[in-house]
Amino acid sequence: MKNILKKLSLIKENGLYRDFKYLSSEQSPKVEIEGRETILLGSNNYLGLCSDVRLKEAAINAVKKYGVGSGGSRLTTGSYDLHKKLEEKIADFKGTETCLVFNTGYMANVGIISALCDRKWVIFCDKYNHASIIDGCLLSGARLVRYKHCDMDDLERKIHKYKGSNNLIVTDGVFSMDGDVAPLPDIVKLAKEHGIITMVDDAHGVGVLGENGSGTMSYFKVNGDIDIQMGTLSKAIASVGGYVAGRKDIIDYFKNFSRSFIFSTALPPSSIAVSLKSIEIIENDKDRRKYLIELSNWFKKELQKAGFNITNTITPIIPIIIGNAKKTVELSESLLEEGIYVPAIRPPTVPKGTSRLRISLMATHTYDDLEYVLKILTFHGKRLRIIEG
Ligand SMILES: *Cc1c(COP(=O)(O)O)cnc(C)c1O
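Remember, predicted model here, so these are calculated numbers, not experimental data.

About the cut-offs
Residues numbered from 1 in each chain as written. Predicted model: local features only at pLDDT ≥ 70, side-chain atom pairs only at ≥ 80, totals over all residues. Heavy atoms only, no water. Helix = DSSP H or I, 4+ residues; strand = E, 2+ residues; numbered from the N terminus. Rg over C-alpha atoms; globule rule 2.2 N^0.38 Å. Buried < 20%, exposed > 50% of the residue type's maximum accessible area, 1.4 Å probe, protein only. Contact = heavy atoms within 4.5 Å. Areas by Shrake-Rupley, 256 points an atom, 1.4 Å probe, with all protein chains shown as cover. Lys, Arg positive; Asp, Glu negative; His and termini not counted. Charge placed at Lys NZ, Arg CZ, Asp CG, Glu CD. Polar contact = N/O pair within 3.5 Å; in protein donor to acceptor, adjacent residues only side chain to side chain. Pairing = 2+ DSSP bridges. Domains from an automatic or database assignment. Buried area = accessible area lost by both parts, 1.4 Å probe. Salt bridge = Lys/Arg side-chain N within 4 Å of Asp/Glu carboxyl O. Nonpolar A, V, L, I, M, F, W, Y, C, P; charged D, E, K, R; others polar. Patch = residues over 30% accessible without salt bridge, like charges linked within 9 Å, V, L, I, M, F, W, Y side chains within 5 Å. Core = buried A, V, L, I, M, F, W, Y, C linked by side-chain atoms within 4.5 Å. Axes fitted to C-alpha atoms, helices over the stretch in contact; angles between N-to-C directions. Parallel < 35°, antiparallel > 145°, perpendicular 65-115°, else oblique. Left-handed = near helix turned anticlockwise from the far one by under 90°. Phe/Tyr/Trp six-rings, centres within 6.5 Å; stacked < 30°, edge-to-face > 60°.

## Quick look at the overall build of the protein
Counting secondary structure elements, the protein contains 14 helices and 13 strands. For 389 residues, the compact-globule estimate of 2.2 N^0.38 gives 21 Å, and the protein sits close to it at 21 Å. Overall size of the protein, expressed as C-alpha extent along the three principal axes, is 60 × 55 × 50 Å. Classification of the 389 residues of the protein by burial places 54% in the buried group. Long-range contacts, defined as pairs at least 24 residues apart, comprise 70% of the intrachain contacts of the protein with a sequence gap of at least 6. If you sum the accessible surface of the protein, you get close to 17800 Å²; carbon and sulfur atoms cover 51% of it. Taking the average location of the 53 positive side-chain charges in the protein and that of its 46 negative ones, the two points are 5 Å from each other.

Structure representation (structure tokens):
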């Protein structure tokens, strides 16, 4: 007990203590936070679909027909015709044979990796991979070999050094805290040369990149070369859930051996109905995606002009690297006072010394919203000596 209290006070001293901000409106560019209208930057609701009327209707209609709870796990009484439809839809969207829906992306990663791998496996894992991938690897008991972020020379070196008889390379498609994209064609090439299974977590690519918004695999045209395609329904798709898509035999295996899939109550039909409708919207609404990318490119240029240290990416994730955790929190709090909410991202989510404001844009933000943000950000950036001026 003493130990945990000490840990708690330590993170407080170091500006690493985290707490909630309560929203009392929809997840949209302007939200109500603690009674005040605030511009929201940092949401994963990239396409702005969380408040879309068509999705609300889909949920309401499903509630009317199916009720609210699912009542059971997928392999007992909790599978509805909508689950089947969604799994077929995702498989079609991702260009794979079949698909299995999990309750969250986190549960998908943990369930997939721990079912696939055991102590006889070696997993090659990008250093910046999402925590749920790491947890899956740890749970599996496999040997975990982490390679430098997107560094193919390092990956190749480590393959030569550590390769065993069963091997997996796993990477985020789009990295959540940096917004950059994994070099999938190079990963595929290395994997083929060495006979290694590949898995991509496309949580932030879906809806944003690739033909019809189907994600990073499509962006690089490597759909057929990635063995296990994982993703979430909770970000651009604006619902809740996770999935794994791939060959039928592999997916059948997960259906029967993934513990996080088997031992949890199925998602309610209303959430499934939302995901179904959302993917349909994403496939048909190219303009929404195009606007988001144009807006992001414009905003990145403006931030760079103002002197901010940002990573240049092709996604709407725009991290402003500050470095020091306390300073990052200070900037985030100053912005909040001016009616702008951007969460401060600190260790352990990102490496020490790289604390940042993780800006992410929505297709429903306007240029006007962002002009205001730029003005306020520049003012406080100068005040806190983050930028010159
Ligand atoms: C958000 C995220 C997850 C987890 O997905 P949830 O559906 O939110 O549980 C997994 N991987 C990555 C890369 C993510 O960003």
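## So, the side chain of T315
Looking at where T315 falls in the secondary structure, it is placed in the loop between α12 (286-306) and β10 (317-323). Within polar-contact distance, the side chain of T315 engages the backbone oxygen of G179 at 2.8 Å.

## Notes on the sheet that holds strand β13 (residues 355-360)
In spatial order, the strands read β10-β13-β12; together these three strands make up an open sheet with antiparallel pairing. Each of the sheet's edge strands pairs with one partner strand only, and the pair in question is β10 and β12 (344-345). Pairing analysis gives two bridges linking β12 to β13, with the strands arranged antiparallel. Paired with A344 across the two strands is L357, which belongs to β13.

## Re the domain arrangement of the protein
Along its sequence, the protein is carved into domain 1 (22-47 + 286-383) and domain 2 (53-284). In this structure, domain 1 and domain 2 have C-alpha centres spaced 27 Å apart. Taken together, the 23 residues of domain 1 in the interface contact 24 residues of domain 2. Here domain 1 meets domain 2 over a buried area of about 1800 Å², counting both sides, of which 59% is carbon and sulfur. Three residues, L47, R289 and I314, lead the burial of domain 1 against domain 2; their summed loss comes to 28% of the area buried on that side. Between the two partners, domain 1 and domain 2, sit two salt bridges. Between R356 and D178 there is a salt bridge, and its shortest N-O distance comes to 3.1 Å. Among the elements of the structure, α12, β10 and β13 are those that each provide at least two residues to the side of domain 1 that touches domain 2. A total of five residues in the side of domain 1 that touches domain 2 trace back to one element, the largest contributor, which is α12. Class assignment of the residues belonging to the side of domain 1 that touches domain 2 gives a composition of eleven nonpolar, six polar and six charged.

## Some details on a nonpolar patch on the surface
On the surface, a nonpolar cluster with roughly 590 Å² of combined accessible area is contributed by M1, I4, L5, L8, I11 and Y17. Along the polypeptide, I4 turns up in helix α1 (residues 2-13). For I4, a relative accessible area of 49% translates into the label partly exposed.

## What about the nonpolar core?
Counting residues in hydrophobic clusters, the biggest one holds 61 residues, and the most contacted among them are L41, F299, L303, I320, I359, L361 and L377. It is helix α11 (residues 269-284) that contributes the most residues to this core, seven residues altogether. Among all residues touching L377, those that are not within four sequence positions of it are L303, F308, I320, L331, L335, L357 and I359. If you look at the next biggest cluster of nonpolar residues, it comprises 26 residues, including F102, I123, A142 and M230.

## Overview of the packing of α12 against helix α14 (residues 367-383)
Taken N-terminus to C-terminus, the directions of α12 and α14 make an angle of 20°; their axes are 11 Å apart at the nearest point. Considering the angle they form, α12 stands roughly parallel to α14. Pair α12 / α14 crosses with right-handed handedness. Residues Y291, E294, L295, W298, F299, E302, L303 and A306 of α12 lie in contact with α14, whose contacting residues are Y367, L370, E371, V373, L374, L377 and T378. For the contact of α12 with α14, a count of residues per class yields eleven nonpolar, one polar and three charged.

## Details of the sheet that holds strand β11 (residues 340-341)
Here three strands make up an open sheet; going across it, the order is β1-β2-β11 and the pairing mixed. Of all the strands in the sheet, just β1 (30-33) and β11 have a single pairing partner and so form its edges. For β1 and strand β2 (residues 36-40), the ladder comprises four bridges, and the chain directions are antiparallel. Bridging across to β2, I33 finds its partner in R36.

## A look at the packing of aromatic side chains
The final tally for this structure, using the stated rule, is nine aromatic pairs. Seen from their ring centres, F102 and F261 are 5.5 Å apart, and the 65° between their planes marks the pair as edge-to-face. Taken together, the residues span a long stretch of sequence, with F102 in strand β3 (residues 98-102) and F261 in helix α10 (residues 259-262) at a distance of 159 residues. Among the residues examined, F102 registers a relative accessible area of 1% and is labelled buried. Taken together, Y291, W298, F299 and Y367 form an aromatic cluster joined through their ring pairs.

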